[in-house]
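A look at the structure
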Amino acid sequence: MDELLQAVGAVNVAGNTTGWPKWTEEDAVAAKPDVILLTYNYIPNAVEEVKKRPAWQEVPAVKNGAVYQLDGDLVVRPGPRLMDGLEEIAKDVYPDYFK
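A brief look at the structure comes next. (Residues numbered from 1 in each chain as written. Predicted model: local features only at pLDDT ≥ 70, side-chain atom pairs only at ≥ 80, totals over all residues. Heavy atoms only, no water.)

Thoughts on the overall build of the chain
- Helix and strand counts for the chain stand at six helices and two strands.
- Rg of the C-alpha trace for the chain: 13 Å, near the compact-globule value of 13 Å for 99 residues, within the 12% margin.
- Each of the three principal axes of the chain carries a C-alpha extent, and together these read 40 × 35 × 25 Å.
- Within the chain, residue pairs in contact and separated by at least 24 positions form 59% of the contacts whose partners lie at least 6 positions apart. (Helix = DSSP H or I, 4+ residues; strand = E, 2+ residues; numbered from the N terminus. Rg over C-alpha atoms; globule rule 2.2 N^0.38 Å. Contact = heavy atoms within 4.5 Å.)

Re the layout of surface pockets
- Within this model, the largest pocket holds a volume of roughly 1300 Å³.
- Taken together, 31 residues make up the lining of the largest pocket; nearest its centre are M1, N12, A14, W23 and L37.
- Listing elements by their share of the lining of the largest pocket, those giving two or more residues are helix 1 (2–7), helix 2 (25–31) and strand 1 (36–38).
- The element that contributes the greatest number of residues to the lining of the largest pocket is strand 1, accounting for three residues.
- Of the residues assigned to the lining of the largest pocket, the class counts are 21 nonpolar, six polar and four charged. (1 Å grid on protein atoms, 1.4 Å probe; cavity = no way out; pocket = protein on both sides within 12 Å on 5 of 7 lines; lining within 4 Å. Points joined across faces, edges and corners; volume = space filled by probe spheres on them. Nonpolar A, V, L, I, M, F, W, Y, C, P; charged D, E, K, R; others polar.)

Brief notes about the nonpolar core
- A28, I36, L38, A46, V47, V50, W56, V59, A61, V62, A66 and V67 form the largest nonpolar core, which has twelve residues in total.
- Of all the secondary-structure elements, those providing two or more residues to this core are strand 1, helix 3 (46–52) and helix 4 (60–63).
- Per-element tally for this core: the top contributor is helix 3, with three residues.
- Not counting residues up to four positions away in its chain, the partners in contact with A46 are L38, Y40 and Q69.
- Core analysis: the second largest hydrophobic core is formed by eleven residues, L4, V8, L86 and I89 among them. (Core = buried A, V, L, I, M, F, W, Y, C linked by side-chain atoms within 4.5 Å. Buried < 20%, exposed > 50% of the residue type's maximum accessible area, 1.4 Å probe, protein only.)

Quick look at helix 6 (residues 82–93)
- The end-to-end C-alpha separation of helix 6 is 16 Å, in line with the 16 Å expected for twelve residues at 1.5 Å each.
- Buried residues of helix 6: G85, L86, I89, A90, D92 and V93, and no others. Taken end-on, helix 6 shows its buried residues confined to a sector of 165°, consistent with a single buried face.
- Buried residues in helix 6 make contact with helix 1, strand 1, strand 2 (67–69) and helix 5 (72–75). (Expected span 1.5 Å × (residues − 1). Arc of directions from axis to C-beta.)

Quick look at the packing of aromatic side chains
- Enumeration over the complete set of coordinates arrives at two aromatic pairs.
- Ring centres of Y40 and Y42 lie 6.2 Å apart, and the angle between their planes is 70°; on these two criteria the pair is classed as edge-to-face.
- Centre to centre, the rings of Y94 and Y97 are 6.0 Å apart; their planes meet at 70°, and the pair counts as edge-to-face.
- The exposure class assigned to Y94 is partly exposed, which follows from its relative accessible area of 26%.
- Looking at R53, its charged tip hangs above the ring of W56, at a distance of 5.2 Å from the centre. (Phe/Tyr/Trp six-rings, centres within 6.5 Å; stacked < 30°, edge-to-face > 60°. Lys NZ or Arg CZ within 6 Å of the ring centre and 35° of its normal.)

Structure follows, in structure tokens:
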């Protein structure tokens, strides 16, 4: 995922971690991301659930409505569809360029 974010010129708030780090809710809130990209295909209304979390109300991505659901199959499974996932990420991170 970090490589996909780098490919579109975005900065991953967890990009300085390695392996499978434990990334807590507190870590995510403290990072104050401008955009949140979810890959929770199996959780209905995941975007709304994130937006409702009390601790997240001051996170810029939540305040500005920049919480998006990606198709996890396009961004977490290596293969030719990664390019589709890359485009989806770019559209969410830089929506003004894709109007």
